[in-house]
Amino acid sequence: MKKVACIILLFNLGLYFCEGADPCCAQPCQNRGFCTSRGFTDYECDCTRTGYYGRNCSSPELLTWLRTLLKPSPNTMHHILTHYKPVWDFINRASFIRNAIMSYVLTSRSHLVDSPPTYNADYGYLSWESYSNLSYYTRTLPPVPHDCPTPMGTAGRKVLPEAKDVVERVLLRRKFTPDPQGSNLMFAFFAQHFTHQFFKTDFKKGPGFTKAGGHGVDLHHIYGDTLERQHKLRLLKDGKLKYQVLKGEVYPPTVRDVGVYMQYPPHVPEEHQFAVGHEVFGLVPGLMMYATLWLREHNRVCDIMRAEHSDWDDERLFQTSRLILTGQTIKIVIEDYVQQLSGYNFQLRFDPELLFTQRFQYQNRISAEFNTLYHWHPLMPVDFRIQEQTYSYQQFVFNTTLVPLHGISGLVEAFTNQVAGRVSGGRNVPPSMVGVASKALEHGREMRYQSLNAYRRRFNMRPYSSFTDLTGDSELASELENLYGDVEGVELYPGLLVERPRPGAVFGETIVEMGAPFSLKGLMGNPICSPEYWKPSTFGGHVGFSLVNSASLEKLVCGNIRGPCPRVSFRVPERPGQAEASLLDAGRTQGVSITPTLAMKDPSSEL
């Protein structure tokens, strides 16, 4: 890197300016203003439609000043939404008020995501390539310019610490910390299964590229990401997918029977190599459990549609059933999954019509930062307990025999009852995940992500003023300071995981406030949520529309297993002794030595 001489600019923010470097390294433009360099000695901030003006877009317009003055902070809003349950019980029953609040939640969150897309790994400025080339993940913030004084621009150390050193010192689990919010392994595996359809990095091109061309909820993790794979998985009769029957129940077919590629190590016998839409879902039984449930649901929906439309051919039955499952997925994600991770007393609702009078674009591009944010490795427990059996990671990974052995009902019951780990707060990444966590950090560096504080500013959060302010833990803060030197130099990925959790919550502020806009825009930006699609005829009439509007996690499970349905939830049950069990789990220590495990060939497929 060329030598540069730095002086301090006497702006209200005390920014660094470096002679011989891109002036935008100092990130002088605030409040979503865009920085354009003018040689190596000057820059210009574009404040258009930011609500701010001035050289650095730091002076608020009158309406912006009033809105900022009156708007509660994200943490204040979170406190209101997670407390005062009697008030929220009343609001949840008052449909007019509830709909108005839900509409505000959707629009205020979604408008934080740029649409059309703006930047990507190679273009830190607007270009036709960054808009039109779907092989890229989009970017929320442009990459840090080349040849800056430090990797974060002008703040922090000139050389970043080794990725593995960061992981082992501040991210590696010393002792399992359970999620105080009560999220369970049903939640953890759902997160992994659901996001695999749009987090599919193409590492042959680089971490800024994706193989998931749909950029959203398209269910290719169920149906395959190519037409060739889809046709191999289809029965080509009655709209159904291929299957096999084991112990009287439906399971996915084998690779040998359908001829699609799946990532299995050589030691997995052919008869246990299940074939599903996504090639890595043989990794853990939790993924194959959900793959099996959705296979059964698709074929169940096909039977219902065939009874309604005896004149329909295989293709129309398949295509309509896929649209129904897409709607069911979005409803379950919003009303069950996002409801659990938010911890809100306000009941979230999936109703596309709430946006029909709003300015809203029914398209989506997956952001690289969203992919990085979703590396929730701390959710994984010490081991896996199923029907009186305890499995280590080595016994659990690529062990598809556990799916028919315990049955879907047995797996659901076990995963519902086992608590997941807390994500934020630091030092809760399992030892077997250290390699994947290190890669995630290295990929963020390769894409030249801006700092954690830069993303907090972008999503209207107060930047952290110190390491203790970030972590709430003096010992962890000291380790971070030794690694990074300046809180403005903390990288995005480790910053998300060491951030102090919200009280009684699985996440810290940044994951929620960053992740929610990406999530809701991706869900509600789906074409089935548009006025053109959201009507009964899209889903084969009122019967199919009802299947979408009545969907839930419980119905997905209970409608697709034999016998009594176990308790189904994304939260561990509250029962006598539950707190003691969680404390016992939390006290089960894991050694800090790094043990090898069977890793996926595509690290982007990790949770």
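Calculation criteria
- Residues numbered from 1 in each chain as written.
- Predicted model: local features only at pLDDT ≥ 70, side-chain atom pairs only at ≥ 80, totals over all residues.
- Heavy atoms only, no water.
- Axes fitted to C-alpha atoms, helices over the stretch in contact; angles between N-to-C directions.
- Helix = DSSP H or I, 4+ residues; strand = E, 2+ residues; numbered from the N terminus.
- Parallel < 35°, antiparallel > 145°, perpendicular 65-115°, else oblique.
- Left-handed = near helix turned anticlockwise from the far one by under 90°.
- Contact = heavy atoms within 4.5 Å.
- Patch = residues over 30% accessible without salt bridge, like charges linked within 9 Å, V, L, I, M, F, W, Y side chains within 5 Å.
- Areas by Shrake-Rupley, 256 points an atom, 1.4 Å probe, with all protein chains shown as cover.
- Salt bridge = Lys/Arg side-chain N within 4 Å of Asp/Glu carboxyl O.
- Buried < 20%, exposed > 50% of the residue type's maximum accessible area, 1.4 Å probe, protein only.
- pLDDT = per-residue confidence, 0-100.
- 1 Å grid on protein atoms, 1.4 Å probe; cavity = no way out; pocket = protein on both sides within 12 Å on 5 of 7 lines; lining within 4 Å.
- Points joined across faces, edges and corners; volume = space filled by probe spheres on them.
- Nonpolar A, V, L, I, M, F, W, Y, C, P; charged D, E, K, R; others polar.
- Disulfide = S-S within 2.5 Å.
- Pairing = 2+ DSSP bridges.

Looking at the packing of helix α6 (residues 163-171) against helix α16 (residues 434-446)
A packed helix pair is summarised by two numbers, namely the angle formed by the two axes and the spacing between the axes. Between α6 and α16, the shortest axis-to-axis distance is 8 Å and the interhelical angle comes to 125°. Considered as vectors, α6 and α16 are oriented oblique to each other. Seen along the crossing, α6 lies across α16 with a hand that is right-handed. Together, A163, K164, V166 and V167 of α6 and V434, A437, S438, L441, E442 and R445 of α16 make up the contact between the two elements.

Quick word on unusual backbone geometry
Of note, the bond from S115 into P116 is cis; its omega dihedral lies within 30 degrees of zero at 5°. You can see P116 is positioned in the loop between α4 (95-110) and α5 (128-132). For E388, which is not glycine, the phi torsion reads 70° and is therefore positive. By secondary structure assignment, the location of E388 is in the loop between β9 (384-386) and β10 (389-391). Even without being glycine, R448 reaches a positive phi, approximately 55°.

A closer look at a nonpolar patch on the surface
Taken together, the side chains of L62, L63, W65, L66, L69 and L70 define a hydrophobic patch exposed on the protein surface, amounting to about 700 Å² of accessible area. You can call W65 partly exposed: its relative accessible area is 45%.

Thoughts on the confidence of the model for the chain
Mean pLDDT for the chain: 92, with 91% of residues reaching 70 or above. Within the model, the stretch residues 1-5 combines pLDDT values under 50 with 14 contacts to residues more than four positions away or in other chains. pLDDT under 50 marks residues 7-16. Its contacts with residues more than four places away, or in other chains, come to 22 contacts.

Looking at empty space enclosed by the protein
The tally for this structure, following the rule as stated, stands at nine cavities of 30 Å³ or more. In this structure, the largest cavity spans a volume of roughly 240 Å³. If you go around the largest cavity, you meet 20 residues; those closest to its centre are V338, L341, G515, A516 and S519. For the lining of the largest cavity, the secondary-structure elements that each account for two or more residues are α4, α12 (314-342), α13 (368-373) and α21 (509-524). A per-element tally of the lining of the largest cavity places α21 first, with six residues.

Quick word on the side chain of H221
Within the element layout of this structure, H221 appears in helix α8 (residues 220-223). On the accessibility criterion, H221 (3% relative accessible area) is buried.

A few points about the layout of surface pockets
Quantified by volume, the second largest pocket comes out at close to 570 Å³. Considering the residues around the second largest pocket, the lining is formed by 25 residues, among which Q181, Q340, G343, Y344 and R571 are closest to the centre. Elements represented by at least two residues in the lining of the second largest pocket include exactly α2 (74-82), α12 and α23 (553-558). Classifying every residue of the lining of the second largest pocket gives seven nonpolar, twelve polar and six charged.

Looking at the state of the cysteines
Using the criterion set out here, one finds five disulfides in the structure. The disulfide partner of C24 is C35, and the gap between their sulfur atoms is 2.0 Å. With the S-S dihedral at roughly -85°, the linkage between C24 and C35 falls on the left-handed side. Highlighted residues: C24 in the loop between β2 (16-19) and β3 (34-38) and C35 in strand β3, separated in sequence by eleven residues. Like C24, the residue C35 is buried in the burial classification. The disulfide that involves C47 links it to C57, with 2.0 Å between the sulfurs.

As for the pairing of β3
Summarising the sheet, β3 and strand β4 (residues 42-46) pair through five bridges and their orientation is antiparallel. Considered in β4, the bridge of R38 is made with D42. Here β3 hands over to β4 after three residues, with G39 in that stretch at a positive phi of 75°.

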